[in-house]
Amino acid sequence: MVKINDYSKLTYVKGNSYGEEDTGNLIIEGENCSILDIISEQFSNKVKCIYIDPPYNNGEKYTHYNDDMKHEMWLEEITKTLEKLNHFLSDDGSIWISIDDSEVHYLKVAADQVFGRKNFITTIVWQQRITRENRKVFSNNHEYILVYAKNPIKFKHSRNLLPPNSEMLSRYKNQGNDPRGPWQSVSAHVQAGHAVKSQFYEIVAPNGRKHSPPNGRCWVYSKERMEQEILSNNIWFGKDGNGVPRIKKFLSSNIGVTPETLWLGNDVGTNEMAKKHLLRLFPGSPVFDTPKPESLIKRILEIATNESDLVLDAYLGSGTTAAVAHKMKRRYIGIEVGKHIQDLVVPRMRKVIEGESGGVSEEVSWQGGGGFSYYVNSENGDVLNIGIIKERKLKYSI
Ligand SMILES: C[S@@+](CC[C@H](N)C(=O)[O-])C[C@H]1O[C@@H](n2cnc3c(N)ncnc32)[C@H](O)[C@@H]1O
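Along every chain, residues carry numbers that run from 1 in the direction the sequence is written. This being a predicted model, a pLDDT of at least 70 is required before a residue's local features are given, and a value of 80 or more before pairs of side-chain atoms are given or counted; all residues contribute to the totals for chains, interfaces and linings. Values reported for side chains reflect all heavy atoms of the structure, with hydrogen atoms and water molecules removed beforehand.

Caption draft 1: The overall build of the protein, seen in detail. Helix and strand definitions here come from DSSP, where helices need a minimum of 4 consecutive H or I residues and strands a minimum of 2 consecutive E residues; each element is numbered from the N-terminal end. Within the protein, the secondary structure is distributed over 12 helices and 20 strands. Each of the three principal axes of the protein carries a C-alpha extent, and together these read 85 × 50 × 45 Å. When each of the 398 residues of the protein is scored for burial, the buried share is 49%. Long-range pairs, those at least 24 residues apart, make up 73% of the contacts in the protein between residues at least 6 apart in sequence. Exposure was quantified through the Shrake-Rupley algorithm and a 1.4 Å probe, taking into account, for residues, occlusion by the shown protein chains and nothing else. Total accessible area on the protein stands at roughly 20,100 Å², and carbon and sulfur atoms take up 50% of it. Here the protein contributes 51 positively and 49 negatively charged side chains, and the mean placements of these two sets differ by 6 Å. Type-normalised accessible area, obtained with a 1.4 Å probe on protein chains alone, sets the label of each residue: buried when under 20%, exposed when over 50%, and partly exposed for intermediate values. For this analysis, residues touch if any pair of their heavy atoms sits within 4.5 Å. Under the convention used here, Asp and Glu are negative, Lys and Arg are positive, and both His and the chain ends fall outside the count. For the purpose of locating charges, the reference atoms are NZ of Lys, CZ of Arg, CG of Asp and CD of Glu.

This is the structure:
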């Protein structure tokens, strides 16, 4: 059970909270830096995954917020926020930062200074748009996600592999009706650069044919291990037994796929798909311009977290991170300063709790349930308007 400890600075708003009480899921209205200060003692070192999607400072004026600041001021603000967020990461935690071309290079340098260059993991390229934008000099079809870990070694051990997709699964067949089920064959030789002497030898196939590794390559196993694997029927010599030896990799023992750095829109969704999802949830309502697709956040949470882990998003926007974390049974803290936290995030989360079937619901078998607690920064003077959300005319009807 998680409650905010510092009652003097945050006000619990029953009218905006929903579902089961005291689940530990927190939606907090207010400016992120002040909120992070208030909750830092309670949650420092506890968050497994931080995802943020800050204003990109790309000069756009969106319906729900402006994205047009002086570069220096934008950089100063985001750096200050990253410094605060850094304290929240658990030792095996990671932070994922969405950004586009306008500021990515400056943000990378600032983030290196905050998190340490040695803790930089990778830059993911996300294809946020599948169609061509013909009005510009270049059709900009991708954004970036910068990934840092608190400790890259611990993160390497804690991060999850991804489940194989249908194209990968289709490569597994069961030639020879192996009782262990479908398998695919993979190369039994590797580059000889780091090889040791015991990896260079002749393999003798069951039919007596001898095989040497190709030039510049060596066998992946030592001679003794290879003989053992052949006896265990784990090496494939082709249909007629004369083929180059390959390793049988069984679907049953295949625990997952190493995540790649190129994430395509058809796999993890696009901005357009995310907007369509929101429009289906709230037909006729004003469109939130920059929502992330639920599948994108699902991919991040699949890699970086397990059930019950704590996820933090300090720029919650339309609530995508909270919605996906909820559906994936992670705990979450979402912070948002704009009034759309009341008008859009709250109704969206209510629908999630009632078993909303869009987004990633089907993939994660979401049926509904759970709850969240809504808090507001008591110091921002707006508290009096908050408790009456049920009576206000909502832009996004529940
Ligand atoms: C790009 S949007 C996030 C979209 C979100 N990922 C989604 O899927 O809907 C950025 C959000 O950050 C919010 N924001 C900007 N500055 C903030 C601050 N200092 N504290 C809290 N929220 C802030 C904006 O109001 C906006 O909703």
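Caption draft 2: Layout of the packing of aromatic side chains. Here is the rule: rings of Phe, Tyr and Trp (six-membered ring for Trp) pair when centre to centre is within 6.5 Å. Planes less than 30 degrees apart are stacked, more than 60 are edge-to-face, and the remainder are tilted. A full pass over the atoms with the stated rule returns five aromatic pairs. With centroids separated by 5.1 Å and ring planes inclined at 40 degrees, the aromatic side chains of F115 and Y148 adopt a geometry described as tilted. Of the two residues, F115 sits in helix α3 (residues 104–115) while Y148 sits in strand β9 (residues 142–149), which places them 33 residues apart along the sequence. Every member of this aromatic cluster is reached through a ring pair, and the members are F115, F120 and Y148. Consider the ring centre and the ring normal. A charge sits over the ring if Lys NZ or Arg CZ is within 6 Å of that centre and within 35 degrees of that normal. We note R225 situated over the ring of Y221; from NZ or CZ to the ring centre the distance is 4.0 Å. Across from the ring centre of W183, 4.7 Å away, lies the NZ or CZ of K248, which sits over that ring.

Caption draft 3: The arrangement of helix α2 (residues 71–86) in detail. Here α2 contains 16 residues, and its C-alpha end-to-end distance of 22 Å stays within 8% of the 22 Å for a straight helix at 1.5 Å per residue. Within the sequence span of α2, burial applies to W74, L75, I78, T79, T81, L82, L85 and N86. The buried side chains of α2 occupy one side of the element, clustering within an arc of 165 degrees when seen end-on. Pointing more than 90 degrees away from the buried face of α2 are the exposed residues E72 and E76. Packed against the buried residues of α2 are α1 (32–43), β4 (47–52), β7 (89–99), α3 and β18 (310–313). Here the expected span of a helix is defined as 1.5 Å times the quantity of residues minus one. Read the arc as the range of directions from the helix axis to the C-beta atoms.

Caption draft 4: Highlighting the site of the ligand. Every one of the 19 residues lining the ligand counts as a neighbour, but D53, S318, T320, E336 and H340 are closest to it. Residues adjacent in sequence count toward polar contacts only when both atoms are side-chain atoms; beyond that, a polar contact is any pair of N or O atoms within 3.5 Å, and within protein one must be able to donate a hydrogen and the other to accept it. Take T320: an N or O atom from its side chain is 2.6 Å from an oxygen atom of the ligand. Contact with the protein chains hides 93% of the accessible area of the ligand, taken as 610 Å² for the molecule alone. Nonpolar residues are Ala, Val, Leu, Ile, Met, Phe, Trp, Tyr, Cys and Pro. Charged residues are Asp, Glu, Lys and Arg, and all others, Gly as well, are polar. For the shell around the ligand, the class distribution of residues is eight nonpolar, seven polar and four charged. Residue proximity to a molecule or strand is established when one non-hydrogen atom of the residue lies within 4 Å of it.

Caption draft 5: Examining the sheet that holds strand β16 (residues 246–250) more closely. By the convention used here, strands pair only if DSSP detects at least 2 bridges between them. Pairing is antiparallel across the open sheet formed by three strands, whose spatial order is β10-β16-β15. The open sheet has two edge strands, β10 (183–187) and β15 (235–236), and neither has a second partner. In this structure, β15 lies alongside β16, joined through two bridges in antiparallel fashion. The partner of W236 across the bridge, within β16, is R246.

Caption draft 6: Structural context of the pattern of salt bridges. Each salt bridge in this description consists of a side-chain nitrogen of Lys or Arg and a carboxyl oxygen of Asp or Glu lying within 4 Å of one another. Here the structure, examined in full by the defined rule, presents 19 salt bridges. Linking K48 and D309 is a salt bridge whose minimum nitrogen-to-oxygen distance equals 2.9 Å. Here K48, found in strand β4, pairs with D309, found in the loop between α9 (294–304) and β18; they are 261 residues apart in sequence, far enough to count as distant. Of the two residues examined, K48 and D309, each falls in the buried class. When the shortest N-O distance is used, the salt bridge between K108 and D112 registers 2.8 Å. Here the residue K108 and the residue D112 both occupy positions in helix α3, the gap between them amounting to four residues, near one helical turn. With relative accessibility at 11%, the residue D112 sits in the buried group.

Caption draft 7: Inspection of the nonpolar core at higher detail. Remark: nonpolar core denotes a set of buried residues (Ala, Val, Leu, Ile, Met, Phe, Trp, Tyr, Cys) joined through side-chain atoms within 4.5 Å. With 40 residues, the main nonpolar core has I27, W96, I145, W263, L301, Y332 and F372 as its most contacted residues. Mapped by element, the contributors of at least two residues to this core are β4, β8 (120–127), β9, α9, α10 (320–327), α11 (340–353) and β20 (371–377). Not counting chain neighbours up to four residues away, the residues in contact with W263 comprise W96, I124, V125, W126, Q127, I145, V268, L296, R299, I300 and I303. Counting 38 residues, the second largest nonpolar core, distinct from the first, contains L36, Y56, L310 and Y375.

Caption draft 8: Structural context of unusual backbone geometry. Of note in this structure, N57 is not a glycine but carries a positive phi near 55 degrees. N57 gets classed as buried once you look at its relative accessible area, which sits at 9%. The phi dihedral of S365 falls on the positive side, at around 55 degrees, and the residue is not glycine. Note that S365 resides in the loop between α11 and β20. Residue S365 is classed as exposed on the basis of its relative accessible area of 52%.

Caption draft 9: Region of interest: the environment of D53. Residue placement: D53 occurs in the loop between β4 and β5 (60–61). Among all residues touching D53, those that are not within four sequence positions of it are S98, T290, K292 and Y315. Looking at D53, its side chain comes within polar contact range of the side chain of Y56, at 3.1 Å. Side chain to side chain, D53 and K292 meet in a polar contact 3.1 Å long.

Caption draft 10: Quick peek at the side chain of T321. Structurally, T321 is set in helix α10. Since its relative accessible area comes to 3%, T321 is described here as buried. Non-local contacts of T321, meaning those with residues more than four positions away in its chain, are made with Y51, I297, V311, D313 and L316.

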